[in-house]
Every structure is written in C-alpha cells, then in structure tokens.
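Remarks on the overall topology
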Amino acid sequence: MATNNSIHFPDPPTHGFGRPPLITRPAPGPDTNPGSWIQQITLWRVIVGIIFAAGLYAAYARFALGFERSTHLVDAQPWGLWVGLGTLCGVGLSAGGFAIAAAVYLLGFERYRPVLRTAVLVSFLGYSSVIVGMMYELGLPWRIWHPIVMWNRHSILFEVSWCVMLYSTVLALEFSPALVEKIPFATLRDFYLKWHHELLIGLVLAGTLLSSLHQSFLGGLYLLAQGKLDPLWYSPYLPTMFYLSAVPAGLAVTIIALYLSSRSLNVRIDLNILSDVSQVIAPLLAIYGLFRGVDLLSRGGSMYLWTWREETLSFWLEIALFVIAPVVLLSRPAVRSNPKYLYWTCCLIVMGFVANRLDVSITGLQASSGFYYIPKWTEFALSLATVTAAVIAFRYAVVYLDVLPRNSSAQRWIVRSGPARA
Amino acid sequence: MESTRAILVDITKCIGCRSCEQACKEAHGLPQQAETRLSSTALTVIEEHGDKFVRRMCMSCQDPACASACLVGALKKTSLGPVTYDSSKCIGCRYCIVACPFNVPRYEWSKLAPYVKKCDMCYDRQVKGQSPACVEACPTGASIAGSREEILEEAERRVLLDHKYVKHIYGSREVGGTSVFFISDVPFEKLGFRAVAEQPLPVLTANALGDVPTVVLVGGSVLAGLYWITQRREQVALAEERESFTSFKSSEERK
C-alpha cells in the first residue's frame, strides 16, 4: 500500500448540464450554403440509405411474405444468421459494458473510468439491437413477453431470456445519468443523480452476475446439440468458452468505438486509455486459447485438427483471427501504442469472434444436418440495417451527450511526490 | 394411475402401404398428399432404405430434450407418454428443433404465423383410451401400441426368440429411453437411425443450470468482497492524504 502514490478523488458533483459542448464543429464558411440539400449527400449517407432501403425491403419480406421467402432457413438449419450473428455475436460483442463497469467500480481500476460511459453505451445499443433482432428472428414476435409469465426453469434459453431482459434494464439505468444530467431542472436532476449514485454499486454487481450468467449460457444453448455439433466446437465447457471469449471481444469493440469516434467526430480522446484497455485483452485471449486447446486435446480432438475439410479450415481461421494474430500483435509495444494499429488488431479480434459464433451456430452443424446453409441476402440486409441503426444511434448519443472521455481526465489524478506539492 | 403408453414398430413386418401416413393426416386434419420426408404436413412418413420400410415419427423420449429446451414450456412430456405441444404458448424460437436428437420437429416456414409441428402420439385419442391413428390403421401389425412395459416386453420377446432380429431394441436405451421402439433384421445404422448417447440430453443442461445458485452466491460474495477492498483502499488513501496535508499545513504555519 506504501507505493500508492496516485490518488483518485471522488468525482465532484458536477454533471453534463452547462458544460461546454464536446464536439466543436467548424463554423460554416462564407461560401458554403447550408440550405442546399445536394451538399448534404455524402458517400456514407448514400451507403446508409442503401442499407436502410435494403433492410426495409427485407423487413417487408420477413413479415409480409414469411420465413420461406426471406430466409434460407429449413428444418435442418432452424437457426441461421439472425441467431448466429444477431443474437450470439450481438450479445457477446456487447460484453464490454459489464467488464469495464466491474473493473472500475468493483476492482477499483480507476484508469478505465474515462471509457466507462462509452462501453456502457455500446453495450446498451448492442443489447437493444439484439432485442430488435428478436422481433424478426422469432416466428411469433408478438409473443416475446411470454417468458415473463410462462416459466420453464429447466430451459437454458429461459435463463438467457431473463438475464437479457434484466441486464438490458441494468444497462439502461447505468447509462441514464448521461440523459438525466441534461434535464434543466436542478432539483429533479440532483435528486435522480443522488439516488443513482447510491444504487450504482448494486446495479454494477447485478450487471456483472447477470452478464456472466447469460454470456456463458449462450454457449450452454448448444450443450443439447451433443452429437450434432462438430467435435472441434462441442464441449461440456461451451459455457466457459463463450464467457472467456466474450470479455476480450467486448473490450475490443469498445476500443473500436472510441477510435472511430476520435477519427470521425473531431473529438480529442486520450488514446493512452485505448492502449491501457488493450493490455488486458492479450492475456484474456491467451487464457481463452489455452483453455480451448487443453479442452480440445483432452477430449481427443487432435485427430480433427489436421484433416482437410471445411470445419477444420474454419476452426483454424477462427483461432488465427481471434487468438494467434491478436496475441502476437498486442505483444508488440509498437502496436499497443499506435491507435491505428490497435484499431485494426481489434477488428481482427471481432472478426475472429464472429467466425467462432458462426462456426458454432452454422458451420459446426453442417455435417450432421446434411444441409449447406448460406443466408439469403435479405437475412444479411436486415442484420446489417439493425447494426447500422445502432451505429447511428451511437453517433448521435456521443454528439449530444457527455459520453466520450475528455483529454482533461489526467487532471483527476493528483500525484503526490513529496515537496513538489508546494 | 394410468400407465405410460408406447408404440412398437417392427420393421420386418412393414410392407410400405402408407396406411399409417394417411390415417395420421386424417387424424390431424392435414392435406392428403404423399410425402417422402417428415414435414409440417406429414408427422409420420415411411422412408425407404433399400427394400426396407422405416417409419419415422416423434420418439416421445422419456426425458425429452425439446421439452427441456422450450423456454415457455410449450412442449411437455405427459404422464401418458406422448410429448405434447401447446401452440398457444410457443413464441417461435425453434430451439426445440435445434435440441431434438432425432431431428423430428418441423416448422411451418411458409406461414406468417408459423408453429412447430410434430407427432404427439395422438394424445387426444389416447386420453380417450383409443390407440394412435397410425397404429389402428396398420394392416400387418407392424405398428402396435400398448403400455410401455408390455410393449417393451413384447419387443424383447420377439428379438430373443427370432434370430433374424438385430439384438437391439432402438429406443430402449437411446437418450435415456423413448416411448417409441423399433426392432429390425437389418442393423439400425443402415436404416438411417442416428447413433445417440444413452444419457438423457437434459442432464447436460441441468448440470449447467445447477451451477446458477453457486455462481450467484459465490460470484456475488467475491465481487462484493472485492468492492469492499477497493473502497477501503480508497478511504485509507484519502485519510493518508488528508493527514499528510494537515501535517504539511501545520509545518507551513510553524515557519
């Protein structure tokens, strides 16, 4: 304890209201004409427009024409892209919120506090898009409330649905101060923020437990696929593996969100924080890789590792993207300290994570089902439109609310170094 | 107490007349057209494997994976034996189809309000004491129905007395036992039967779910403990800081 020479003082009871805006936009020059709508059309807006148009048609196809016309799902492959990408990846990649909240509030890693709100926002939007995804994934979406009153406690999916419901609520409450602090009525604002502060630890603790449960139970869903799921992925420890992989992937998504915000929004972010977060990712990925390897070998999986088949190739692609490449890259200080390299490394992690979830939910089941599933374009379109909507919501949230870390965060630490204080 | 009902299919006696298919469609109000595979409009079909006819239908497991998977409890193992489906509860998640070790449940992919379809061993008829429609329609006695003990005994008797039979009753041990049994004179793997584990599948998830209280209790206490340490550390640091600040101030004053 003697070496503790940096001290964090609790945040002063200030809030976003009245603080200067985070985003500084260049004032419109004399020759720009803000009224012209032609100039508002940029490449990205065109792309977003196309994505939404395609998504809109896909939604029409799903709800007006049915699964048969909007998906390539069949009885042999009843869960496709909307579960594999929408649910499994959507929830898994949103693990950053609980990981950072637990690190800051429960473990006392104050240096991650500046990215906490970003992580929570990303998670909240991730879970929101999962719930939106449920509306087109479920066959009878208007009955989505059934699990609240119809219980089957032997069902892993029941536990998952309850955890997702509760944790989405926790995330909304965790993020709520960012909205409440914009309320111009001081009494109401301070009343809410005071109570929020009192209850926050409870929320974080509940959120950590709920997340740990449902992140692992998403893998637990496939325990019943014994004999169907390829031995490269089936394991009694699927829940543990889903948990161990979700945390680093969620952190990688947080880094990606922060980096892209700093790139596109003219905000200044202390990029050292990204490097700090990345230092945790590499060991987490290594632990996952080690656990996975030991588990596979101990169950006699080595015979599947070197055969020439699609499953084995997918397996190695996934391991290379999610474990080998990021661990090697993140071990180099040049990568950790360069935001751009770090960003691309995190993209690799996310791709590897997506590959893993799609392998478990699609590739690993092909051999036993005898059906080669390739999603229909409308499945891609609807998933892409959902993610795009979440990204746009994120963009507006960080522009109008105090979410992103500020450069001044360093001032919150006061270094005590003896006489230098005077 | 009623005894559990079961069906025995003797593959050596089936002549492939498909009377069972027709009777099933009639009993369940499904369109009368011949189908070669199980579908949402064909809850039992005769599959041809070489010169053998193999009937497929729900195996009505003793401990069904589908019923343990269903988050709203729409699928249930009844005390009578059949595994029933309550369509008014179903939300259309299709986890039952993923979970079924025999790949039986079918989904109405073409409908706008799609439900799961599978054989329910004519639960409504069985409640009234009638045998399943398919069994009643079978002209050769290839399918017979009765109490599970009787049916299993009969299957054992046939397999033991007649050497043409493979020495295995499919369904007696598979996934902890089923309520539909098959006996055959050709090895089952050649007739498209899946080799499945003898352990009931719900045991696998029950183990994971059994960990929940432990995770919540142990995890919760560990996290709470860590939080206590964290905030204690902060308090100590603050106190030390305050102390050094006061001593610093008093030394200033002394100057």
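To start, this report covers the structure provided alongside it. Predicted model, so just to flag it, every value in this text is computed and none were measured.

1. Overview of the packing of aromatic side chains
All names here are of chain A.
- Summed over all chains, the structure comprises 28 aromatic pairs over all chains.
- Taking the centre distance of 5.9 Å and the plane angle of 45 degrees together, the rings of Tyr-57 and Tyr-60 count as tilted. In this pair, Tyr-57 and Tyr-60 are both assigned in helix α1 (residues 43–65), three residues apart and thus about one turn of the helix distant.
- A ring pair is formed by Trp-151 and Trp-162, whose centres lie 5.5 Å apart and whose planes are at 70 degrees; its orientation type is edge-to-face.

2. Quick word on the nonpolar core
- Residues Tyr-222 and Leu-229 of chain A together with Tyr-95, Phe-102 and Phe-182 of chain B are the most contacted members of the largest nonpolar core, which totals 181 residues.
- Counting residues per element, this core draws most heavily on helix α9 (residues 238–264) of chain A, at 14 residues.
- For Tyr-222 of chain A, the contacting residues outside a window of four places in its chain are Trp-79, Val-83, Leu-88, Leu-229, Tyr-234, Leu-238, Val-360, Ser-361 and Leu-365 of chain A together with Tyr-95 of chain B.
- Core analysis: the next-biggest nonpolar cluster, separate from the first, contains 10 residues, Ile-151, Leu-152, Ala-155 and Ile-183 of chain B among them.

3. So, a nonpolar patch on the surface
- A surface patch of nonpolar side chains, amounting to about 740 Å² of accessible area, comprises Leu-107 and Phe-109 of chain A together with Leu-217, Val-218, Val-222, Leu-226, Trp-228 and Ile-229 of chain B.
- Looking at the secondary structure, you find Val-218 of chain B in helix α7 (residues 202–254).

4. Section: the packing of helix α10 (residues 272–298) of chain A against helix α11 (residues 310–330) of chain A
Residue and element names in this part refer to chain A.
- Where α10 contacts α11, the axes come no closer than 9 Å and their chain directions differ by 140 degrees. Classified by the angle their axes make, α10 and α11 are oblique. In this structure, the crossing between α10 and α11 has a hand that is left-handed. Residues Ser-278, Ile-281, Ala-282, Leu-285, Ala-286, Tyr-288, Gly-289, Arg-292 and Leu-296 of α10 touch α11, and the partners they reach there are Phe-315, Glu-318, Ile-319, Phe-322, Val-323, Pro-326, Val-327 and Leu-330.

5. Overview of unusual backbone geometry
- Unlike most non-glycine residues, Arg-18 of chain B shows phi in positive territory, near 65 degrees.
- Along the chain, Arg-18 of chain B falls in the loop between β1 (5–10) and α1 (19–27).

6. Some thoughts on helix α6 (residues 148–161) of chain B
All names here are of chain B.
- A rise of 1.5 Å per residue sets the reference length of α6, with its 14 residues, at 20 Å; its end C-alpha atoms lie 20 Å apart and thus fit the reference within 8%.
- Taken together, the buried positions of α6 are Arg-148, Ile-151, Leu-152, Ala-155, Arg-158 and Val-159. Seen along its axis, α6 keeps its buried residues to an arc of 125 degrees; they face one direction. Exposed and oriented more than 90 degrees from the buried face of α6 are Glu-150, Glu-153, Leu-160 and Leu-161.
- Tucked into the core, α6 has its buried residues touching β1, β8 (143–147) and β9 (180–183).

Cut-offs and rules
- Residues numbered from 1 in each chain as written.
- Chains lettered and ligands numbered in written order.
- Predicted model: local features only at pLDDT ≥ 70, side-chain atom pairs only at ≥ 80, totals over all residues.
- Heavy atoms only, no water.
- Phe/Tyr/Trp six-rings, centres within 6.5 Å; stacked < 30°, edge-to-face > 60°.
- Helix = DSSP H or I, 4+ residues; strand = E, 2+ residues; numbered from the N terminus.
- Core = buried A, V, L, I, M, F, W, Y, C linked by side-chain atoms within 4.5 Å.
- Buried < 20%, exposed > 50% of the residue type's maximum accessible area, 1.4 Å probe, protein only.
- Contact = heavy atoms within 4.5 Å.
- Patch = residues over 30% accessible without salt bridge, like charges linked within 9 Å, V, L, I, M, F, W, Y side chains within 5 Å.
- Areas by Shrake-Rupley, 256 points an atom, 1.4 Å probe, with all protein chains shown as cover.
- Salt bridge = Lys/Arg side-chain N within 4 Å of Asp/Glu carboxyl O.
- Axes fitted to C-alpha atoms, helices over the stretch in contact; angles between N-to-C directions.
- Parallel < 35°, antiparallel > 145°, perpendicular 65-115°, else oblique.
- Left-handed = near helix turned anticlockwise from the far one by under 90°.
- Expected span 1.5 Å × (residues − 1).
- Arc of directions from axis to C-beta.

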